[in-house]
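# Residue-level structure breakdown
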Amino acid sequence: MLKLYEFAVSGNAHKVRLLLSLLRLEYDSIAVDGLNKQHKTNEFLAMNPFGQVPVLVDDEFILRDSTAILVYLARQYGDTHWLPNEPQALSQVMAWLATSANELAWGPSRLRVHYKFGREINVAESEQITNNLLAILEKQLTHSDWLVLNHITIADIAMYPYIALAQEGRVDLADYPAVIAWLGRIQALPNYVGMAGMWEG
Ligand SMILES: N[C@@H](CCC(=O)N[C@@H](CS)C(=O)NCC(=O)O)C(=O)O
C-alpha cells in the first residue's frame, strides 16, 4: 500500500493527493505533526533529510519532493498521458515542473506562507514574481486548455494547488480569466479532490 506523509495545509502535498486521486490509487495518508516538529525528528529525516513533506513510500521505496513524486506516480501507475515520452512534449512538461519548484514556490506559495502562517518574506519580490508568473500563465492558457499538449499532464497538477490557493496569499485572480477557466477545468475532472482555501467557481 502506498503511504503519503503530509500536512493537511500543504499545497505541495496536495499535488500528490490530487494525482493519487485522479489515478484512482488507494493510499494511507499519514498526518505529520508539524506543530510538534515531527518532520524534524531523526525518524522523519531518515526519509527526507530536508525535513519536509510530502514523502511517498511505496513498499521499500521512499521518495521525497512533490515534483519527483508526481513523476514517479505518472510513470509507475499512469500512462504516457500524464508524462509524455515524446521528447518535445516531455521537455515542455519538465519546464513547467521546474516553474512549479521555482517561480510558483517563490511567488504565490511564499505569499501564502506569509499571510496565512506569518512567516517574514520579501513581499514586494514575491508579488513581482507572482504577477509575472500569472501573466505568463494567462497568455499560455488563452491559447490552449492545458499547459502542455491538448490534455492534462503532471505539468497542470504541479502548477495547480498554489494558483488555486493564491487568494490565501492576497493574490486576486480576477484579472486572469484564462487561469480561472483552467482552475475550473481541473476542478471538473472525475475524482478531483480539493483542499480548504482553494478558489471555487
Ligand atoms: N521542494 C519540496 C518542498 C516541500 C516543502 O516546502 N514542504 C513544506 C510544506 S508545503 C514543508 O514541509 N515545510 C516544513 C519545513 O520546511 O520545515 C517539494 O516540492 O516537495
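Above: the structure in question.
Residues numbered from 1 in each chain as written. Predicted model: local features only at pLDDT ≥ 70, side-chain atom pairs only at ≥ 80, totals over all residues. Heavy atoms only, no water.

## Considering the sheet that holds strand β1 (residues 2-6)
In spatial order, the strands read β2-β1-β3-β4; together these four strands make up an open sheet with mixed pairing. Edge positions in the open sheet fall to β2 (27-31) and β4 (61-64), since each of these has one partner strand only. Direction aside, the axes of adjacent strands within the sheet are offset by 20° on average. Pairing analysis gives five bridges linking β1 to β2, with the strands arranged parallel. Pairing of Lys3 across the sheet is with Asp28, part of β2. With respect to the sheet, helix α1 (residues 11-22) is in contact with β1 and β2, its orientation differing from that of β1 by roughly 155°. (Pairing = 2+ DSSP bridges. Helix = DSSP H or I, 4+ residues; strand = E, 2+ residues; numbered from the N terminus. Axes fitted to C-alpha atoms, helices over the stretch in contact; angles between N-to-C directions. Contact = heavy atoms within 4.5 Å.)

## Describing the site of the ligand
Within the structure, the ligand sits among Phe7, Ser10, Asn12, His39, Lys40, Gly51, Gln52, Val53, Pro54, Asp65, Ser66 and Tyr162. A distance of 2.8 Å is found between a nitrogen atom of the ligand and a backbone nitrogen or oxygen belonging to Val53. Asp65 places a polar side-chain atom, nitrogen or oxygen, 2.9 Å from a nitrogen atom of the ligand. Computed on the free molecule, the ligand has an accessible area of 510 Å², of which 71% lies beneath the protein chains in the complex. When each cavity is represented as a set of grid points, the ligand is found to reside in the largest pocket. (Near = heavy atom within 4 Å. Polar contact = N/O pair within 3.5 Å; in protein donor to acceptor, adjacent residues only side chain to side chain. Areas by Shrake-Rupley, 256 points an atom, 1.4 Å probe, with all protein chains shown as cover. 1 Å grid on protein atoms, 1.4 Å probe; cavity = no way out; pocket = protein on both sides within 12 Å on 5 of 7 lines; lining within 4 Å. Sits in = over half its atoms within 2 Å of the grid points.)

## Some thoughts on the environment of Tyr176
Within the element layout of this structure, Tyr176 appears in the loop between α7 (154-164) and α8 (177-187). Taking C-alpha positions, Tyr176 is 24 Å from Met94, a pair spaced 82 residues apart along the chain.

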